[in-house]
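Below, each chain spelled out in residue letters.
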Amino acid sequence: MPRLWSWGVKMLRREKKMFAIFTLIYTILIFLNSFFIHTTLQTGAGQTALIYIGIFFGTSLLLSYFYAWLIISRNKRIFATLKCIGWTNGNVKSLVTGNILYTTFLGFIIVIEILFHYAAIMAYLGSPTPILIDLLPVFASFGVFLLVQLIAIFLGNRRVLKLRPMLALKRVEA
Amino acid sequence: MPVDKNVMIEATDVNKEYRRAGAIIRALIDINVSIKAGEFIMIQGPTGCGKSTFLNVLSGLDLPDSGKIIFDGENIARAKEDRLSKIRRQKVGMVFQDFNLIKTLTAVENTESMLWPTVLSNKEIENRAIAALRDVNMLERKDHFPVEMSGGEKQRIAIARAIVGKPRVVFADEPTGNLDPESEKQIMELLKQINRDYETTILVVSHRDNVTKYADRVIKMANGRIV
């Protein structure tokens, strides 16, 4: 399975445009979620902050499912071909899972990077509050995002099961 | 009933129907055929005669409605999907008309992709892929992507992918359908060479008459029956 995950990641990274767009979206979502959780912890659970957190988690669930759907739809023929040459449903699912989890993990790492750099710059400039978001809300956001991804992967992977290998034999229209 | 070890595939009373726009189409009707290990078979017939369906059920991509298909001693007509996948990985190579290479992978990676789900080490997978590319005379293009290759070269890579798992049978569905006459000749000669060198059973679906000379036997089909 680790081999299939790593090849899934490699294939995804070569699809530069989609990979870059979704990494950016995930980074923004994790960042904003973390920011609102941080604000809620600092100032008490205000209704507005809770509404924003709910909106961002709902959005992330929809986007994650859309991402899984997009990966499977764009690669239908590839997955059908892989099934034809002997890949099981589980093997194809591993490839999809690797793609999605990698994008999420990368979004998380970018957020951490941004926050560290922000803190370093602010400390250098002598700001009294160099920390924009504590690490705890970032890790909490990442944890919930992972959960959301697993739901999206579960829903998306049901489409993999329905994919018939014979699709690979259909002629490509010129 | 004793099993003839020389028989690679035996289809008995195989029937297959499709429902399309409310109408029932009988794609295969009482098919009985025996294919020996190491044979080079050509399946021919007009469009819609059932030759691709025939290839699909023999390779385990599709299941027949009735009848038996003994593939290398095992009845695959009622096998579960994961078992069929395993059989295809261990014993079957597939070649498609549209090549079906993954555009984000190089030639050697496309060839290797067949073996990624196996327990073989990465080094062993790479060695096998290199050997398969050498067999199809494409080793010098191993780091090229499909977009950088001609149709004939892509089909050679697809054949390398089909043989990298050392299959007992290679199924090819119109493998020269998208190729010019010169590439068609090269691909057919390559399949013949694989058949000769490795004693691999080859089944080719083709509507072109000029390729029958490569086959040991031609199975002609019309209206879902062998004629």
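Keep in mind the model is a prediction, meaning the values are calculated, not measured. (Residues numbered from 1 in each chain as written. Chains lettered and ligands numbered in written order. Predicted model: local features only at pLDDT ≥ 70, side-chain atom pairs only at ≥ 80, totals over all residues.)

**Section: the overall build of chain B**
Okay, step 1: Scanning chain B from N- to C-terminus turns up six helices and ten strands.
Okay, step 2: Scaling as 2.2 N^0.38, a compact globule of 227 residues should have a C-alpha radius of gyration of about 17 Å, and chain B matches this with 17 Å.
Okay, step 3: With respect to the principal axes defined by its C-alpha atoms, chain B has extents near 45 × 40 × 35 Å.
Okay, step 4: For chain B, with 227 residues in total, the buried portion stands at 49%. (Helix = DSSP H or I, 4+ residues; strand = E, 2+ residues; numbered from the N terminus. Rg over C-alpha atoms; globule rule 2.2 N^0.38 Å. Buried ≥ 20, exposed ≤ 12 C-beta atoms within 10 Å, placed from the backbone.)

**Some words on the pairing of strand 7 (residues 169–173) of chain B**
All names here are of chain B.
Okay, step 1: Across the five residues that make up strand 7, a large majority, five, are buried.
Okay, step 2: The alternating pattern of strand 7 places Val-169, Phe-171 and Asp-173 and Val-170 and Ala-172 on opposite faces, both of which are buried.
Okay, step 3: Looking at chain direction, strand 7 and strand 8 (residues 201–205) are connected through five bridges and run parallel. Residue pairing in the sheet places Phe-171 in a bridge with Leu-203 of strand 8.
Okay, step 4: As a crossover connection, the stretch from strand 7 through helix 6 (residues 181–198) into strand 8 is right-handed. (Pairing = 2+ DSSP bridges. Right-handed = clockwise from strand over helix to strand, strands pointing away.)

**With respect to the sheet that holds strand 8 of chain B**
Think of a sheet as strands paired side by side through backbone hydrogen bonds, with each pair either parallel or antiparallel.
Residue and element names in this part refer to chain B.
Okay, step 1: Read from one edge to the other, the open sheet built from six strands follows the order 6-7-8-3-9-10, with strand pairing classed as mixed. Edge strands, defined here as strands with exactly one partner in the open sheet, are strand 6 (92–95) and strand 10 (225–226).
Okay, step 2: Strands in contact with helix 5 (residues 151–163) are strand 6 and strand 7; relative to strand 6, the strand with the most contacts, it is inclined by about 165°. (Contact = placed C-beta atoms within 7 Å. Axes fitted to C-alpha atoms, helices over the stretch in contact; angles between N-to-C directions.)

**Details of helix 2 (residues 81–91) of chain B**
Okay, step 1: Those residues of helix 2 of chain B that sit buried are Leu84(B), Ser85(B), Arg88(B), Arg89(B) and Lys91(B).
Okay, step 2: For helix 2 of chain B, the elements touching its buried residues are helix 4 (76–84) of chain A together with helix 1 (51–59), strand 6 and strand 7 of chain B.

**Looking at the sheet that holds strand 5 (residues 74–75) of chain B**
All names here are of chain B.
Okay, step 1: Across the sheet, which stays open at both edges, the four strands sit in the order 2-1-4-5 with antiparallel pairing between neighbours. Two strands bound the open sheet, and with one partner strand each, they are strand 2 (23–36) and strand 5.
Okay, step 2: Examined bridge by bridge, strand 1 (residues 7–20) and strand 2 share ten bridges and lie antiparallel to one another. Within strand 2, the residue paired with Glu-10 across the bridge is Ser-34.

**With respect to the environment of Ile43(B)**
Okay, step 1: Of note, Ile43(B) is situated in strand 3 (residues 40–44).
Okay, step 2: With residues near it in sequence (within four places) discarded, Ile43(B) still touches Lys51(B), Phe54(B), Leu55(B), Leu203(B), Val204(B), Val205(B), Ile219(B) and Met221(B).

**Focus on the interface of chain A and chain B**
Okay, step 1: Counting from both sides, the interface comprises 23 residues of chain A and, opposite them, 22 residues of chain B.
Okay, step 2: Contributing elements (two or more residues each) for the side of chain A that touches chain B: helix 1 (2–14) and helix 4 of chain A.
Okay, step 3: Looking at the side of chain A that touches chain B, the element that brings in the most residues is helix 4 of chain A, giving six residues.

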